[in-house]
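Descriptive structure summary
Letter by letter, the chains look like this.
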Amino acid sequence: MMQPRLEIQGLVRRFGGREVVSDVSLSIAAGQVSCLLGPSGCGKSTTLRLIAGVDMPDEGVIRVDGQPIVEGTTRVPPERRGIGLMFQDFALFPHLTVEQNVGFGLAKAAPDRRARIAELLERVGMSRHAAKHPHELSGGEQQRVALARALAPRPRIMLMDEPFSGLDDRLRDDIRDETLEVLKAEGTAVLLVTHEPTEAMRMADEILLMRDGRIVQAGAPYTIYNNPVDLPAAAFFSDLN
Ligand code: ADP
Ligand code: MG
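The name recorded for the chain in an unreviewed UniProt entry is ABC transporter ATP-binding protein, from Rubellimicrobium roseum.

Below is the structure:
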């Protein structure tokens, strides 16, 4: 088997006496979208924060392309993990143009800087808005720019935490499809957090079903949907339409 892009073994995070992330293990290949799916409060965001490096686990190993970024006393700082982030409240810089926002994470002197910005603006369909500021854009357009900005430095892994929850229903399906298309074209490994089964069913290659800090079932969307591991898992999927 190919070496996974992201590999996690036995991740544990406790707050006070309470275990919020319990023995979480997973692996994601380049070009694969995995959805961490579960109800509010089950530990999804905490897991993402541990991978991003803004929080530290009590136990466990995290590897990127086989290299440990967290293991024992090894703690690679967040900015050197090759990770792109997209959160619901991870806003664009209001004083920068669309073009400047997308270029923010790229070295000023990088020879392919202009080409990379143009490529991404094209990919997310925002080329003709390059000179605008965020306040001149709709919510969906801002979301597209945020995606381009996160992908610009060619992250090895994209972590996305409920990135579409601020958008209205009518827009959301389209943005999900467009986002998936862009992520696939870039070939990055994606860990997408959501509490909505429909979103996971629509976007995931693999669903990791989480409950009370544990991954209780992992598999292809329709495998999980058709063979839920237990009654609570079945109930969780039952509002799917
Ligand atoms: P989810 O993203 O699945 O909704 P979270 O990972 O945000 O869940 O939270 C999981 C649990 O951990 C919740 O009960 C939350 O209150 C708790 N929690 C998260 N961060 C902290 C913290 N810094 N200190 C104490 N408890 C926390
Ligand atoms: Mg959360």
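**Some remarks on the sheet that holds strand E4 (residues 59–64)**
Strand order in the open sheet formed by five strands is E2-E1-E4-E5-E6, and the pairing between neighbours is antiparallel. The open sheet has two edge strands with one neighbour each: strand E2 (18–28) and strand E6 (74–75). Relative to E2, strand E1 (residues 6–15) runs antiparallel, the two sharing seven bridges. By the bridge assignment for E2, Phe15 is matched with Arg18. Taken strand by strand, helix H1 (residues 44–52) contacts E1, E2 and E4, and its axis lies near 65° from that of E2.

**Examining the site of ligand 1**
Phe15, Val20, Gly38, Ser40, Gly41, Cys42, Gly43, Lys44, Ser45 and Thr46 make up every residue found near ligand 1. Looking at the shell around ligand 1 element by element, the count peaks at three residues for H1. Looking at the shell around ligand 1 residue by residue, the classes come out as three nonpolar, six polar and one charged.

**Focus: the environment of Gly125**
Within the fold, Gly125 resides in the loop between helix H3 (113–123) and helix H4 (139–151). The exposure class of Gly125 is partly exposed, given the 13 C-beta atoms found within 10 Å.

**A closer look at the packing of H4 against helix H5 (residues 169–186)**
One way to put it is that H4 packs onto H5 with a least axis distance of 11 Å and a crossing angle of 15°. Here H4 lies roughly parallel to H5, going by the angle between them. Here the hand of the crossing between H4 and H5 comes out right-handed. Within the contact between the two elements, H4 uses Gly140, Gln143, Leu147 and Leu151 and H5 uses Leu171, Ile175, Thr179, Val182 and Glu186.

**Topic: the nonpolar core**
If you look at the biggest cluster of nonpolar residues, it comprises 55 residues, and the most contacted ones within it are Cys35, Ala148, Leu159 and Leu191. Counting residues per element, this core draws most heavily on H4, which supplies six residues.

**A few points about the sheet that holds strand E11 (residues 214–219)**
Judged by pairing direction, the sheet is mixed, and its six strands sit side by side in the order E7-E8-E9-E3-E10-E11 without closing on themselves. Looking at strand neighbours, the two that pair on one side only are strand E7 (83–87) and E11, the edges of this open sheet. Averaged over all adjacent pairs, the angle separating strand axes in this sheet is 20°, with direction ignored. The strands that H4 touches are E7 and strand E8 (157–161); relative to E7, the one it contacts most, it runs at about 165°.

**Quick notes on the confidence of the model for the chain**
When pLDDT is averaged along the chain, the result is 93; 98% of the residues meet or exceed 70. Across the interfaces of the predicted complex, the ipTM metric reaches 0.98, alongside a pTM of 0.94.

**So, the environment of Gly105**
Mapping Gly105 onto the fold places it in the loop between helix H2 (98–103) and H3. When the C-alpha atoms of Gly105 and Pro197 are compared, they prove to be 32 Å apart, with 92 residues separating the residues in sequence. What Gly105 contacts, discounting residues up to four positions off in sequence, is Arg149, Ala152 and Pro153.

**Overview of the pairing of strand E9 (residues 189–194)**
Counting buried positions over the six residues of E9 gives six, a clear majority of the element. Across the two faces of E9 the burial is the same, with Ala189, Leu191 and Val193 and Val190, Leu192 and Thr194 all buried. Pairing analysis gives five bridges linking strand E3 (residues 33–37) to E9, with the strands arranged parallel. Within E9, the residue paired with Leu36 across the bridge is Val193. As defined by bridge partners, E8 adjoins E9 across five bridges and the pair is classed as parallel. Bridged to Asp161 within E9 is Val193.

**A few points about the environment of Gly139**
In this structure, Gly139 sits in helix H4. A tally of 13 C-beta atoms within 10 Å means that Gly139 is categorised as partly exposed. Here the alpha-carbon distance between Gly139 and Leu167, two residues 28 residues apart in the chain, equals 6.6 Å. Setting aside anything within four residues of it in sequence, one finds Gly139 in contact with Gly166 and Leu167.

Reading the values: the criteria
Residues numbered from 1 in each chain as written. Chains lettered and ligands numbered in written order. Predicted model: local features only at pLDDT ≥ 70, side-chain atom pairs only at ≥ 80, totals over all residues. Pairing = 2+ DSSP bridges. Helix = DSSP H or I, 4+ residues; strand = E, 2+ residues; numbered from the N terminus. Contact = placed C-beta atoms within 7 Å. Axes fitted to C-alpha atoms, helices over the stretch in contact; angles between N-to-C directions. Near = placed C-beta within 6 Å. Nonpolar A, V, L, I, M, F, W, Y, C, P; charged D, E, K, R; others polar. Buried ≥ 20, exposed ≤ 12 C-beta atoms within 10 Å, placed from the backbone. Parallel < 35°, antiparallel > 145°, perpendicular 65-115°, else oblique. Left-handed = near helix turned anticlockwise from the far one by under 90°. Core = buried A, V, L, I, M, F, W, Y, C linked by C-beta atoms within 7 Å. pLDDT = per-residue confidence, 0-100.

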